[in-house]
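# Secondary and tertiary structure notes
Residues per chain, in single letters:
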Amino acid sequence: AVVSTQSTGEEERNTIVDNVIYKGLFGEMEGNLGKVGVWGYYSLADQGTFNKKSCEAVPGICDRIEDAKFPHLDKVYVSLLYPESATWSHTAPDNTKLSVILPVAGSTKLRIADTTVVISEDTVVIDPSFEKEFVNEEQDAAVVLVISVAHPGTI
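This one's a predicted model, so the numbers in the text were calculated from it and none came from an experiment.

### Remarks on the overall build of the protein chain
Summing up its helical and strand segments, the protein chain has 3 helices and 13 strands in all. Relative to its 155 residues, the protein chain shows a buried fraction of 43%. The long-range fraction of contacts in the protein chain, counting pairs at least 24 apart against all pairs at least 6 apart in sequence, stands at 74%. With an accessible surface of roughly 8400 Å², the protein chain has 48% of that area assigned to carbon and sulfur atoms.

If you want it as structure tokens, here you go:
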């Protein structure tokens, strides 16, 4: 359920941190998933279509994702878990998607099924239909870029 690969580059990290976090562009995550603290998001794409205005806040990020040609791209968003925050355990409604989670800043724990990983340097790929929760026990915000794509078994 969890795969680890390489993280985002320094330039991408700085663009997201400077242009999204410090400018206060985050909204609160839908669905009341915040157990304690605040879980925020900033949407860049939905149903495979990039929001041009949102992408202007993170120059180059959307272009790089489009250039990567993710198969059957669904959603792309920046997720922010404030210090000492946690989400409720939650699942996706089905197993038709995979979530590629790229660390941007800080560190967060992800428990998915019976496995816990720390997301701080390496990219993690998960099937979001498994029960999962995110916990940030640190004093700094944890920021990740999430790219949701079709599960290969559904293509």
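Moving on, there is more to tell.
### Some words on unusual backbone geometry
Despite not being glycine, Q47 shows a phi value in the positive range, around 50 degrees. By the secondary structure assignment, Q47 is in the loop between β4 (39-46) and β5 (49-50). Assessed through its relative accessible area of 66%, Q47 is described here as exposed. One non-glycine residue, E84, adopts positive backbone phi at about 55 degrees. Turning to its location among the elements, E84 is positioned in the loop between β6 (73-81) and β7 (85-87).

### Some thoughts on the state of the cysteines
Scanning the entire structure with this criterion turns up 1 disulfide. For C55, the disulfide goes to C62, at an S-S distance of 2.1 Å. Between C55 and C62, the S-S torsion sits near -85 degrees, and that sign places the bridge as left-handed. Pair check on accessibility: C55 and C62 agree, each one buried.

### As for the pattern of salt bridges
Counted under the stated rule, the structure contains 4 salt bridges. Residue R111 is joined to E133 by a salt bridge in which the shortest nitrogen-to-oxygen separation is 3.0 Å. Highlighted residues: R111 in strand β9 (residues 108-112) and E133 in strand β12 (residues 132-136), separated in sequence by 22 residues. Accessibility expressed as a relative area gives 19% for R111, which makes it buried. Residues participating in the shared-partner salt-bridge network are R111, E131 and E133.

### Some remarks on the packing of aromatic side chains
Counting across every chain of the model gives 1 aromatic pair. For the pair W39 and F134, a centre-to-centre distance of 6.0 Å together with 40 degrees between the ring planes defines the contact as tilted. Linking W39 in strand β4 with F134 in strand β12, this pair joins segments that are 95 residues apart in sequence. For the residue pair W39 and F134, the accessibility class agrees, reading buried in each case.

### What to know about the confidence of the model for the protein chain
On average, residues of the protein chain score 83 in pLDDT, and 78% of them reach the 70 mark or higher. Across residues 1-7, where pLDDT falls below 50, the model places 22 contacts with residues more than four positions away in sequence or in other chains.

### What to know about the pairing of β12
Taken across its 5 residues, β12 has 4 buried, putting it largely inside the fold. Pairing between β7 and β12: 2 bridges, direction antiparallel. By the bridge assignment for β12, A86 is matched with V135. With 4 bridges connecting them, β9 and β12 associate as antiparallel partners. Bridged to R111 within β12 is E133.

Conventions we followed
One numbering rule holds for all chains: residues counted from 1, following each sequence as written. Confidence filtering applies because this is a predicted model: local features only for residues at pLDDT of at least 70, side-chain atom pairs given and counted only at 80 or more, and all residues used for totals across whole chains, interfaces and linings. The basis for the side-chain values is all heavy atoms of the structure; hydrogens and waters are excluded. Segments assigned H or I by DSSP are reported as helices when at least four residues long, segments assigned E as strands when at least two residues long, and all are numbered from the N terminus. Buried, partly exposed and exposed residues are distinguished by accessible area as a fraction of the type maximum, computed with a 1.4 Å probe on protein chains only: under 20%, between the cut-offs, and over 50%, respectively. Two residues form a contact once any of their heavy atoms are found within 4.5 Å. Surface exposure here means Shrake-Rupley accessible area, sampled with a 1.4 Å probe, where a residue is shielded only by the protein chains that are shown. Disulfides are defined as cysteine sulfur pairs within 2.5 Å. Salt bridge, as used here, is a side-chain nitrogen of Lys or Arg placed within 4 Å of a carboxyl oxygen of Asp or Glu. For Phe, Tyr and Trp, rings pair up if their centres lie within 6.5 Å, where Trp contributes its six-membered ring, and each pair is then called stacked (planes under 30 degrees apart), edge-to-face (over 60) or tilted (otherwise). For every residue, the predictor states its confidence as a pLDDT score lying anywhere from 0 to 100. By the convention used here, strands pair only if DSSP detects at least 2 bridges between them.

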